[in-house]
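Observations on the three-dimensional arrangement
Listed here are the chains, written in short residue letters.
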Amino acid sequence: MAPVQPIHNMRINDNFELLPESYLFSTVAARLREFREANPGVDVIRMDIGDVTLPIPAAAIEAMHRAVDDMADRSSFHGYGPEQGYAFLREAVAANDYAARGVDIAPDEIFISDGAKSDLGNLGDIYSRDSIVAVADPGYPVYVDSNVIDGRGGVLTDGRWSRFVYLDCNEANGFKPVPPAAHADVIFLCSPSNPTGASFTRAELKAWIDYALANKAVIVYDSAYCAYITDADTPHSIYEIEGARQCAIEVRSFSKTAGFTGLRCGYTVVPATLMGTDAEGREVSLRKLWLRRQTTKFNGASYVIQRGAEALYTDEGKAQTRANVDYYVANARLIRDTMSRAGFTVFGGENSPYVWVKSPGAESSWDLFARCLRDAHISCTPGVGFGDAGEGYIRLTGFNTRENTAEAMRRILEIFNR
Ligand SMILES: *Cc1c(COP(=O)(O)O)cnc(C)c1O
């Protein structure tokens, strides 16, 4: 047979073909479907929810209603906004998320976006294809996949990319990545961590800043869950640590903080003091590069949504946001305490909506998933789905209702308590 004549000759970005299919959430859904079909009438409680469930704080809703009305009138209509975000929101962020904690971040170092995931993926536009990327295992999959798409992965062998530096997180290091012996140019850190719930102390973050400065590397610090921090001495921002303005970009989101997962708003901080190096060895401002990237490829987050985010910083908005986060934190604490009473070794669940549970003995993540579903009628997320080092663990989340969480934990004690 004659070879098929392609209609289009455009060569694709071959890196997409390197990416393995992500089976985690679709497999969990398929297993749940099978179980429900085989066991009609059995009430399965979802402890694998990775999305917030409470509605948006009223202060933000009211502000967005007013912003919609602004759009109806010629005198208050807003067309294209500033690519970097409206000054009213950048000023509120600088004052409340930074100055109030004694951290010096200027409004023009803050870039409002449609969410942290976009920023985490898009940042690859400003560093070289040759950069060595370091990622935690287990970790949030976006760091790995977006860098593979950009051509920084190399070859995938036994689940690991040849050009990445993997930062194994395990019981010995409390699931907190430690600076490696190897050199890296860009390091993705997430604290409090999804999926393990672990968060850095000041001393641990200082070690990372020392590493980054010594290696002339940049840390991309994902603090999507900083609102869940309750300990007084756990840093909310990497800029609370000296030296970070010279080596760190911080990415934040209103998603897990204020339920904006469906509204879409976040921000990235690129300090004016942060430099990279070009081919001639000259210093180049990363803030300038990111501004150029955003003005070229992004036209700003929605005016209405930015007004909603601004309202989260009013006294009312702060109290309502706090109440939502506290609700999830209390769920996570209940899960942590109950799993521990049932004899499991648990991590996270403090300063985080996530509880990371070790399976007893040599049971795999998927085996424990199956046992929780079969015996306790609870679904969870197998830890191995977040990286090889997650094998033998499951992730439970505090995002269900208090009632369902309490019922799930009652079942755990009934089934697993020895
Ligand atoms: C949910 C999540 C994000 C994404 O936040 P969006 O602003 O909704 O895109 C980023 N990082 C981590 C670790 C997350 O869990």
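Quick summary incoming for the structure in this document.

What counts, and where the lines are drawn
Residues numbered from 1 in each chain as written. Predicted model: local features only at pLDDT ≥ 70, side-chain atom pairs only at ≥ 80, totals over all residues. Heavy atoms only, no water. Pairing = 2+ DSSP bridges. Helix = DSSP H or I, 4+ residues; strand = E, 2+ residues; numbered from the N terminus. Axes fitted to C-alpha atoms, helices over the stretch in contact; angles between N-to-C directions. Contact = heavy atoms within 4.5 Å. Parallel < 35°, antiparallel > 145°, perpendicular 65-115°, else oblique. Nonpolar A, V, L, I, M, F, W, Y, C, P; charged D, E, K, R; others polar. Near = heavy atom within 4 Å. Polar contact = N/O pair within 3.5 Å; in protein donor to acceptor, adjacent residues only side chain to side chain. Areas by Shrake-Rupley, 256 points an atom, 1.4 Å probe, with all protein chains shown as cover. 1 Å grid on protein atoms, 1.4 Å probe; cavity = no way out; pocket = protein on both sides within 12 Å on 5 of 7 lines; lining within 4 Å. Sits in = over half its atoms within 2 Å of the grid points. Points joined across faces, edges and corners; volume = space filled by probe spheres on them. Buried < 20%, exposed > 50% of the residue type's maximum accessible area, 1.4 Å probe, protein only. Expected span 1.5 Å × (residues − 1). Arc of directions from axis to C-beta.

For the rest of this paragraph, the subject is the sheet that holds strand β6 (residues 165-168). The strand order across the open sheet formed by seven strands is β2-β10-β9-β8-β7-β3-β6, and the pairing between neighbours is mixed. With partners counted over all chains shown, the strands left at the sheet margins are β2 (110-113) and β6, one partner each. Strand-to-strand, the axes of this sheet are offset by a mean angle of 20 degrees, without reference to chain direction. Against the sheet, helix α7 (residues 202-215) engages β6, β7 (186-190) and β8 (218-222), with an angle of about 150 degrees to β8. Across the sheet, helix α9 (residues 286-297) lies against β2, β8 and β10 (266-269), angled at about 25 degrees from β2, the strand it touches most.

What follows covers the environment of Lys-206. Relative to the elements of secondary structure, Lys-206 occurs in helix α7. Note: C-alpha distance between Lys-206 and Glu-240 (34 residues apart in sequence) is 9.8 Å. Among residues more than four places away in sequence, those in contact with Lys-206 are Ile-241 and Glu-242.

Moving on: the packing of helix α3 (residues 58-71) against helix α11 (residues 315-341). It is at 7 Å that the axes of α3 and α11 come closest, and there the two elements cross at 130 degrees. When the axes of α3 and α11 are compared, the pair comes out oblique. Packed against α3, whose contacting residues are Ala-58, Ala-59 and Glu-62, the element α11 presents Glu-316, Gly-317 and Gln-320 at the interface. When its residues are assigned to classes, the contact of α3 with α11 shows two nonpolar, two polar and two charged.

Now for the site of the ligand. In the vicinity of the ligand, 13 residues are found, and the nearest of them are Asp-222, Tyr-225, Ser-253, Ser-255 and Lys-256. Between an oxygen atom of the ligand and a main-chain N or O atom of Lys-117, the distance comes to 2.9 Å. Within the side chain of Ser-253, an N or O atom sits 2.6 Å from an oxygen atom of the ligand. When the ligand sits alone it has 380 Å² of accessible area, and the protein chains cover 93% of it. Comparing atom positions with the cavity grids shows the ligand to sit within the largest pocket. Of all the secondary-structure elements, those providing two or more residues to the shell around the ligand are α5 (116-122) and α8 (255-258). Among the residues forming the shell around the ligand, the class breakdown is five nonpolar, four polar and four charged.

A sheet is described by the order of its strands in space; here four strands give the open sequence β13-β14-β17-β16, paired in antiparallel fashion. Lying at the two open borders of the sheet, with one neighbouring strand each, are β13 (345-348) and β16 (381-382). Pairing geometry for strand β14 (residues 354-358) and strand β17 (residues 393-397), over five bridges, is antiparallel. Its bridge partner lying in β17, Tyr-354 is registered against Thr-397. The sheet contacts of α11 involve β13, β14 and β17, and relative to β13 the element is tilted by about 160 degrees.

In total, this model carries one cavity of 30 Å³ or more according to the counting rule given. If you trace the largest cavity, you find 16 residues lining it, with Ala-136, Phe-175, Pro-177, Cys-190 and Ser-193 closest to the centre. The element contributing the most residues to the lining of the largest cavity is β7, with three residues. By residue class, the composition of the lining of the largest cavity is 12 nonpolar, three polar and one charged.

In the segment running from Asp-137 into Pro-138, the intervening peptide bond is cis, with an omega of 0 degrees. Along the polypeptide, Pro-138 turns up in the loop between β3 (133-137) and α6 (142-149). The omega angle of the peptide bond from Asn-194 to Pro-195 is 20 degrees, so this bond is cis rather than trans. Mapped onto the secondary structure, Pro-195 falls in the loop between β7 and α7. Of note in the backbone geometry, Asn-351 takes a positive phi value of approximately 60 degrees without being a glycine. The backbone phi angle of His-377 is positive, close to 60 degrees, even though this residue is not glycine. When you line up the elements, His-377 lands in the loop between α12 (365-376) and β15 (378-379). In this structure His-377 comes out as partly exposed when scored by relative accessible area, which is 23%.

Quick look at the pairing of β13 now. Of the strand pairs in this sheet, β13 and β14 are connected by four bridges, and their pairing is antiparallel. From the neighbouring strand, Thr-345 faces β14, where its bridge partner is Lys-358. From the end of β13 to the start of β14, which pair antiparallel, there are five residues, and Gly-349 there has a positive phi angle of about 75 degrees.

One number sums up the size of the largest pocket: a volume of about 1,300 Å³. Surrounding the largest pocket, 48 residues form its lining, Tyr-140, Pro-141, Val-142, Asp-145 and Gly-385 being those nearest its centre. Residue assignment for the lining of the largest pocket shows that the elements contributing at least two residues are α2 (24-38), α5, β3, α6, β5 (160-161) and α8. Here the lining of the largest pocket is composed, by residue class, of 25 nonpolar, 13 polar and 10 charged. Estimates place the volume of the second largest pocket at around 730 Å³. Taken together, 27 residues form the lining of the second largest pocket, with Lys-216, Val-218, Met-275, Gly-276 and Thr-277 sitting closest to its centre. Going through the elements one at a time, α7, β8, β11 (275-277), β12 (283-285) and α9 are the ones with two or more residues in the lining of the second largest pocket. In terms of residue count, the dominant contributor to the lining of the second largest pocket is β11 (three residues).

In this section: helix α13 (residues 402-416). In this model α13 runs 21 Å from its N-terminal to its C-terminal C-alpha over 15 residues, within 8% of the 21 Å that 1.5 Å per residue would give. Buried within α13 we find Thr-405, Ala-408, Met-409, Arg-411, Ile-412 and Phe-416. Down the axis, α13 shows its buried residues gathered within 155 degrees of arc, on one side only. Across α13 from its buried face, at more than 90 degrees, point the exposed residues Glu-403 and Glu-414. Tucked inside the fold, the buried residues of α13 contact β1 (45-46), α11, α12 and β15.

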